[in-house]
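# Overview (structure and organization)
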Amino acid sequence: TRAFAHKLFLLGQAAQCEGRLAASPVFSGGVLCGAFYIGHDLLVKAWKVDGGERLWERDLGAIASFFSWMPIDDRIVMNMAGGTVICLKAEDGTVVWSKSMGSSSEDVPMNLEPILRGGGLFVPADTTYVFSPSDGTLLHRLEEHSPVPDFLRVDERYSIYVGEVSGYVSAYGVSGHLGVIEP
């Protein structure tokens, strides 16, 4: 294997990193995180933006061969091919929550980027899942026979638009529900 070295510049300072850069760095809560492939394993490293002090690193192993991530407040959410989504605390790398969606490897969407909309975290996997970003509670899951969300959009009314490379397109809207709540 050939080793690569990358430099991340933190307010005028450079941090040397081994491995191949796996994705664009993310910034969350005053912390810059970078993801690097070391062989088949994924290593996440974090630095304090003010001064460049290295804070932590977490080896995620080979489970994250293909992933997408996004910052949410002081956390980082990673959606990985194979059906795992994890939420890390930016300041120390601890796992806040982790969910296995049990996706089959043949139903991996082309785009794994989660979408945060209206307090829900919409996560593409074998179908579309909606989690609470704070604790990972599953709020909703599209039916099993919905298209694989190769292309996913959520509008301001929380309607979900799903497109599959094979040509299937579906739209899902929020409907009202009346019920009696007893004290």
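Right above here is the structure, for reference.
Residues numbered from 1 in each chain as written. Predicted model: local features only at pLDDT ≥ 70, side-chain atom pairs only at ≥ 80, totals over all residues. Heavy atoms only, no water.

### A word on the overall build of the protein
Scanning the protein from N- to C-terminus turns up 0 helices and 18 strands. Looking at the 183 residues of the protein, the share that counts as buried comes to 45%. Relative to all contacts within the protein whose residues are 6 or more apart in sequence, the contacts with residues 24 or more apart total 34%. In the form shown here, the protein has an accessible surface area of approximately 10200 Å², with 51% of it arising from carbon and sulfur atoms. (Helix = DSSP H or I, 4+ residues; strand = E, 2+ residues; numbered from the N terminus. Buried < 20%, exposed > 50% of the residue type's maximum accessible area, 1.4 Å probe, protein only. Contact = heavy atoms within 4.5 Å. Areas by Shrake-Rupley, 256 points an atom, 1.4 Å probe, with all protein chains shown as cover.)

### What about the nonpolar core?
Core analysis: the largest hydrophobic core is formed by 18 residues, its most contacted members being Cys33, Leu42, Phe67, Trp69, Ile76 and Met78. Elements supplying a minimum of two residues to this core: strand E5 (31-38), strand E6 (41-48), strand E7 (54-61), strand E8 (67-72), strand E9 (75-80) and strand E10 (84-89). A total of 4 residues in this core trace back to one element, the largest contributor, which is E5. Filtering out sequence-adjacent residues up to four positions away, Trp69 remains in contact with Ala23, Ser24, Pro25, Val26, Cys33, Gly34, Ala35, Val44, Ile76, Val77 and Met78. Membership of the second largest hydrophobic core comes to 12 residues, among which are Met70, Val77, Cys87 and Leu121. (Core = buried A, V, L, I, M, F, W, Y, C linked by side-chain atoms within 4.5 Å.)

### Observations regarding unusual backbone geometry
Trans is the common state for peptide bonds, and a negative phi is the common state for residues other than glycine. Phi is positive for Asp73, which is not a glycine, with a value near 55°. Note on placement: Asp73 falls in the loop between E8 and E9. Phi at Tyr158 takes a positive value of approximately 70°, unusual for a residue other than glycine. Among the structural elements, Tyr158 can be located in the loop between strand E16 (151-154) and strand E17 (160-163).

### Things to note about the environment of Trp97
By the element assignment, Trp97 lies in strand E11 (residues 95-100). In sequence terms Trp97 and Gly136 are 39 residues apart; their C-alpha atoms lie 6.0 Å from each other. Excluding residues within four positions of it along the chain, Trp97 makes contact with Val85, Ile86, Cys87, Leu121, Phe131, Ser132, Pro133, Ser134, Asp135 and Gly136.

### Points about the pairing of E8
Within E8, 5 of the 6 residues are buried, which leaves the element mostly enclosed by the surrounding structure. Across 6 bridges, the pairing between E8 and E9 is antiparallel. Bridge pairing links Pro71 to Ile76 in E9. In sequence, E8 turns back onto E9 through a hairpin of 2 residues, with Asp73 there showing a positive phi of about 55°. (Pairing = 2+ DSSP bridges.)

### Let's talk about the sheet that holds E16
The strand order E16-E17-E18 describes an open sheet built from 3 strands, whose pairing is antiparallel. In the strand order of this sheet, the two ends are held by E16 and strand E18 (169-172), each with one partner. The average angle at which neighbouring strand axes cross in this sheet is 10°, direction not considered. For E17 and E18, the ladder comprises 4 bridges, and the chain directions are antiparallel. (Axes fitted to C-alpha atoms, helices over the stretch in contact; angles between N-to-C directions.)

### What about the side chain of Ser159?
You can see Ser159 is positioned in the loop between E16 and E17. What Ser159 contacts, discounting residues up to four positions off in sequence, is Arg153, Val154, Tyr172 and Gly173.

### Some remarks on the pattern of salt bridges
The full count for this structure, using the stated rule, is 5 salt bridges. Of the charged contacts in the structure, one is a salt bridge between Asp74 and Arg75, with a shortest N-O distance of 3.9 Å. On the basis of relative accessible area, Arg75 is assigned to the partly exposed category, the value being 24%. Here Lys89 ties to Glu91 by a salt bridge, and the two come within 3.8 Å at their closest N and O atoms. The exposure class of Lys89 is partly exposed, given its relative accessible area of 29%. (Salt bridge = Lys/Arg side-chain N within 4 Å of Asp/Glu carboxyl O.)

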